[in-house]
Amino acid sequence: MAKESSLQKSDIDYLVQIVGIEKLSRGESVRYSHSHDESFHKPCLPDIVIWPQNTDEVSRIVAYAFERRISVTPWGAGSSLEGNPIPVQGGIVLDLQEMNRILAVRPEDFQADVEAGVVYKDLNRILEAEGLFFPPDPGAAATVGGMIGNNASGIRSVKYGATRDYVMRLTAVLSDGQVIRTGSRSRKCSSGYDICRLLTGSEGTLGIVTEATLKLVGLPFTFMAVRATFPTVGDATRTVFEIMRSGLTPGAMEFLDADIVGVLNRDRGLHLEEYPTLLMEFSGYSERGLEDEMQFVTDICRGNGCLLLDRGIGPVERKRLWEIRHLTHESIRRAHPGLLSLSMDVAVPLSRYSDMVALCKEIVTGLTAYVFGHAGDGNIHVVVMDNPDDEIRWAGVEAAHSRIVQQALDFEGTCTGEHGIGIGKKGFMVREHGESLETMKKIKALLDPRGILNPGKMFP
Ligand SMILES: Cc1cc2nc3c(=O)[nH]c(=O)nc-3n(C[C@H](O)[C@H](O)[C@H](O)COP(=O)(O)OP(=O)(O)OC[C@H]3O[C@@H](n4cnc5c(N)ncnc54)[C@H](O)[C@@H]3O)c2cc1C
């Protein structure tokens with residue numbers, strides 16, 4: 001693996017030649033802001049932060065780092081939850097946020113070419129005028145590069161899939177500085193190994209993405225948002241399964257436990273009923289078509305003891321509803337000042353969702369914990385608030401985390417539905433992947449023989 005390297009003056013001089021003195025910093029505050037993500041994982045300072053402006057600069061920086069065996073960690077918005085962009089071996093952090101140009105939008109092909117630093121919400125604001133959008137929606141102010149790094153997904157994935165499903169073509173810089181362009185603009189392609197899919201979800205450990213051609217989707221004509229509350233968690237999660245099995249395709253299907261609804265009420269001044277809740281969205285061509293679907297949804301919810309069904313929410317309410325959902329993490333954190341969060345993220349086959357949520361609730365008994373998730377994808381988040389400096393309590397949090405992941409794996413699920421491996425999930429890779437982990441290691445060794453790209457991640 002790459003040796004820890006504190007840079008020498010000659011290194012800085014060389015890097016200044018590439019990007020200019022304004023586009024790199026060794027200042028304490030800049031290094032600190034690039035030493036941690038949104039997780040509780042311990043910060044590690046990089047030696048230097050560089051803001052490249054184009055692929056050629058990235059290539060020259062990485063080629064130099066390869067020669068000198070300096071670690072290079074790509075950085076998007078630093079919003080990860082598993083320590084994914086923390087530069088654990090110091091070295092260079094390549095912050096791609098200034099490579100944020102939308103290079104082309106081709107509405108007729110449902111495609112956009114973007115640089116890696118584009119924030120997906122900015123992209124969607126521009127695409128709206130064309131009646132298009134880029135569906136993966138992780139909520140935070142994530143960049144396209146970071147979404148590709150983590151194969152992010154979110155509330156819309158139940159209908160539209162994850163980032164990986166939208167990456168058609170990539171420009172990436174490999175560990176020796178070589179630039180590759182991979183993929184195709186064709187909607188179908190069975191030509192050769194799919195390097196786009198390999199790089200997506202590789203967390204910057206195999207290459208640095210500088211540009212992407214993204215697949216886009218037409219904005220639906222009309223939406224209907226629904227909030228349904230249930231007497232028990234089991235009633236709510238059983239409803240998820242039945243709605244998904246019925247052949248309906250919700251555009252979002254989120255579960256919140258009663259405690260989270262309470263936190264949201266207090267933090268946002270809301271007056272929502274504090275019961276296990278499903279937030280759903282349906283979209284289509286006409287109000288009438290949606291009304292028919294809604295009747296079906298209503299019947300399923302009522303059949304499972306639904307207490308309240310707030311449906312037909314208009315565009316303003318709909319926007320507010322999803323904003324509230326996106327702010328869940330923030331509201332939880334604000335409710336517990338001084339504590340840090342361990343944000344768990346597992347996913348299981350849909351048939352196991354109900355059991356998994358019940359087990360999560362049981363496992364975190366006695367902890368300050370909240371259970372929610374992208375229910376339609378079988379994705380569960382458990383956020384536990386505690387103090388990592390209190391060794392005994394934190395050991396209990398870690399033990400609960402481990403039990404939840406092991407349970408998800410027992411159900412033939414995964415240790416991470418969307419947050420990636422980073423530092424926090426490395427320990428589960430052997431159990432989840434078995435022998436195929438060796439194949440992953442061989443791929444890593446082939447593409448990054450000197451181990452300079454985001455070292456200390458992914459592998460136990
Ligand atoms: C409140 C909150 C809610 C969240 N909800 C969700 C959610 O619903 N779904 C979800 O998927 N995630 C969620 N996340 C996690 C996070 O926002 C996403 O994983 C996001 O995609 C990270 O993007 P970023 O730009 O911040 O990337 P970073 O955190 O900066 O980086 C992510 C990873 O990609 C690598 N990387 C960055 N740029 C590049 C590049 N150009 N080329 C190669 N590798 C690169 C980094 O080294 C790192 O390993 C949430 C986070 C927060 C704080």
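Just so it is clear, the model here is predicted, and its values are computed rather than measured.

Colleague: Even after reading the chapter, I still don't get the sheet that holds strand E10 (residues 208-215), so can you show me in this structure?
Modeller: Strands belonging to one sheet form pairs held by backbone hydrogen bonds; the direction of such a pair is parallel or antiparallel. Ordered in space as E5-E6-E10-E8-E9, the five strands form an open sheet in which the pairing is antiparallel. Looking at strand neighbours, the two that pair on one side only are strand E5 (102-106) and strand E9 (179-183), the edges of this open sheet. On average, adjacent strands in this sheet sit at an angle of 10° to one another, irrespective of strand direction. Note: E5 against strand E6 (residues 111-115), four bridges, orientation antiparallel. When the bridges of E6 are listed, Val105 appears paired with Ala112.

Colleague: Explanation requested: the environment of Ile243 in the structure shown.
Modeller: For Ile243, the position within the fold is in helix H8 (residues 233-245). Classification of Ile243 as buried rests on a relative accessible area of 0%. Note: C-alpha distance between Ile243 and Leu307 (64 residues apart in sequence) is 17 Å. With near-sequence residues (within four places) excluded, Ile243 lies in contact with Leu248, Pro250, Met253, Met280, Phe282, Val297, Ile300 and Cys301.

Colleague: Explanation requested: helix H12 (residues 328-335) in the structure shown.
Modeller: Working note: α-helix, 3.6 residues per turn, so residues spaced by three or four point in the same direction. Buried residues of H12: Thr328, Ser331 and Ile332, and no others. Along the axis of H12, the buried positions cluster into a sector of 100°, meaning they face one direction only. In the core, the buried residues of H12 are packed alongside helix H9 (258-268), helix H11 (315-326), strand E17 (369-373) and strand E18 (379-386).

Colleague: Please explain the packing of aromatic side chains as it appears in this structure.
Modeller: Between two aromatic rings, the relevant description is the distance of the centres plus the angle of the planes. Enumeration according to the criterion identifies five aromatic pairs in this entry. Relative to Tyr64, the ring of Tyr14 has its centre 4.3 Å away and its plane inclined at 15°; by these criteria the two rings are stacked. You can see Tyr14 sitting in helix H1 (residues 9-19) and its partner Tyr64 sitting in helix H3 (residues 55-68), a full 50 residues away along the chain. For Tyr64, a relative accessible area of 14% gives the class buried. Between Arg156 and the ring centre of Trp322, over which it is positioned, the NZ or CZ distance is 5.7 Å.

Colleague: Help me out: how do you make sense of the site of the ligand in this one?
Modeller: Of all residues adjacent to the ligand, which total 35 residues, the nearest are Pro74, Gly76, Ser79, Ser80 and Ser153. With respect to the ligand, the backbone of Pro138 contributes an N or O atom lying 2.8 Å from a nitrogen atom. The contact in question runs from an oxygen atom of the ligand to an N or O atom on the side chain of Asn150, over 2.9 Å. Considering the ligand on its own, with 980 Å² of exposed area, one finds that the protein chains cover 95% of that surface. Mapped onto the shell around the ligand, the elements with two or more residues apiece are strand E3 (72-75), helix H5 (144-150) and E10. Among the elements that make up the shell around the ligand, the one with the highest residue count is H5 (five residues). Considered class by class, the residues forming the shell around the ligand number 14 nonpolar, 18 polar and three charged.

Colleague: Is there a simple way to think about the side chain of Thr328 in this case?
Modeller: Secondary-structure assignment places Thr328 in helix H12. Among residues more than four places away in sequence, those in contact with Thr328 are Ile260, Leu264 and Phe372.

Colleague: So what exactly am I meant to see when it comes to the nonpolar core here?
Modeller: Generally speaking, nonpolar side chains in soluble globular proteins are found buried as a group. By size, the foremost hydrophobic cluster in this structure holds 53 residues, and its most contacted members are Met280 and Val382. No other element matches helix H14 (residues 391-410), which puts seven residues into this core. Here this core spans two domains, and each of domain 3 (222-316) and domain 4 (336-422) adds at least three residues to it. Setting aside chain neighbours within four positions, we find Met280 in contact with Met224, Ala225, Val226, Ala228, Ile243, Ala252, Met253, Val297, Cys301 and Trp322. Membership of the second largest hydrophobic core comes to 29 residues, among which are Ala152, Tyr160, Tyr166 and Val167.

Colleague: How do you make sense of the pattern of salt bridges when you look at a structure like this?
Modeller: Per the counting criterion, the structure on display carries 30 salt bridges. Asp13 is the partner of Lys9 in a salt bridge, and the nearest nitrogen-oxygen pair spans 2.9 Å. Of this pair, Lys9 and Asp13 both sit in helix H1, four residues apart, roughly one helical turn. Overall, the relative accessible area of 63% leaves Lys9 in the exposed class. Residue Asp13 is classed as partly exposed on the basis of its relative accessible area of 36%.

Colleague: Just checking my understanding: could you explain a nonpolar patch on the surface for this structure?
Modeller: Together, Tyr193, Ile195 and Leu198 make up a nonpolar patch on the protein surface, roughly 350 Å² of accessible area in all. The topology assignment puts Tyr193 in the loop between E9 and helix H7 (195-199). Under the relative-accessibility criterion, Tyr193 is labelled exposed at 81%.

Colleague: What am I meant to see in the environment of Val62 here?
Modeller: Checked against the element boundaries, Val62 lands in helix H3. Taking the C-alpha atoms as reference points, Val62 and Val118, separated by 56 residues in sequence, lie 21 Å from one another. With near-sequence residues (within four places) excluded, Val62 lies in contact with Val72, Leu94, Val173, Leu174, Ser175, Gly177, Ile208 and Ile452.

Colleague: I'm lost on the environment of Asp390 in this one. Help?
Modeller: Its place among the elements puts Asp390 in the loop between E18 and H14. Linking Asp390 and Phe296, residues 94 residues apart in sequence, is a C-alpha distance of 50 Å.

Colleague: What's the story with the sheet that holds strand E1 (residues 24-25) in this structure? I'm lost.
Modeller: Read across the open sheet, the four strands follow the order E1-E2-E4-E3; overall the sheet is mixed. The open sheet has two edge strands with one neighbour each: E1 and E3. Inspection of the sheet shows E1 paired to strand E2 (residues 48-50) by two bridges, in the antiparallel sense. Each residue of the ladder has a partner; that of Leu24, found in E2, is Ile50. Sitting on the sheet, H3 is in contact with E2, E3 and strand E4 (92-95), with an inclination near 165° to E4.

What counts as what
- Residues numbered from 1 in each chain as written.
- Predicted model: local features only at pLDDT ≥ 70, side-chain atom pairs only at ≥ 80, totals over all residues.
- Heavy atoms only, no water.
- Pairing = 2+ DSSP bridges.
- Helix = DSSP H or I, 4+ residues; strand = E, 2+ residues; numbered from the N terminus.
- Axes fitted to C-alpha atoms, helices over the stretch in contact; angles between N-to-C directions.
- Buried < 20%, exposed > 50% of the residue type's maximum accessible area, 1.4 Å probe, protein only.
- Contact = heavy atoms within 4.5 Å.
- Arc of directions from axis to C-beta.
- Phe/Tyr/Trp six-rings, centres within 6.5 Å; stacked < 30°, edge-to-face > 60°.
- Lys NZ or Arg CZ within 6 Å of the ring centre and 35° of its normal.
- Near = heavy atom within 4 Å.
- Polar contact = N/O pair within 3.5 Å; in protein donor to acceptor, adjacent residues only side chain to side chain.
- Areas by Shrake-Rupley, 256 points an atom, 1.4 Å probe, with all protein chains shown as cover.
- Nonpolar A, V, L, I, M, F, W, Y, C, P; charged D, E, K, R; others polar.
- Core = buried A, V, L, I, M, F, W, Y, C linked by side-chain atoms within 4.5 Å.
- Domains from an automatic or database assignment.
- Salt bridge = Lys/Arg side-chain N within 4 Å of Asp/Glu carboxyl O.
- Patch = residues over 30% accessible without salt bridge, like charges linked within 9 Å, V, L, I, M, F, W, Y side chains within 5 Å.

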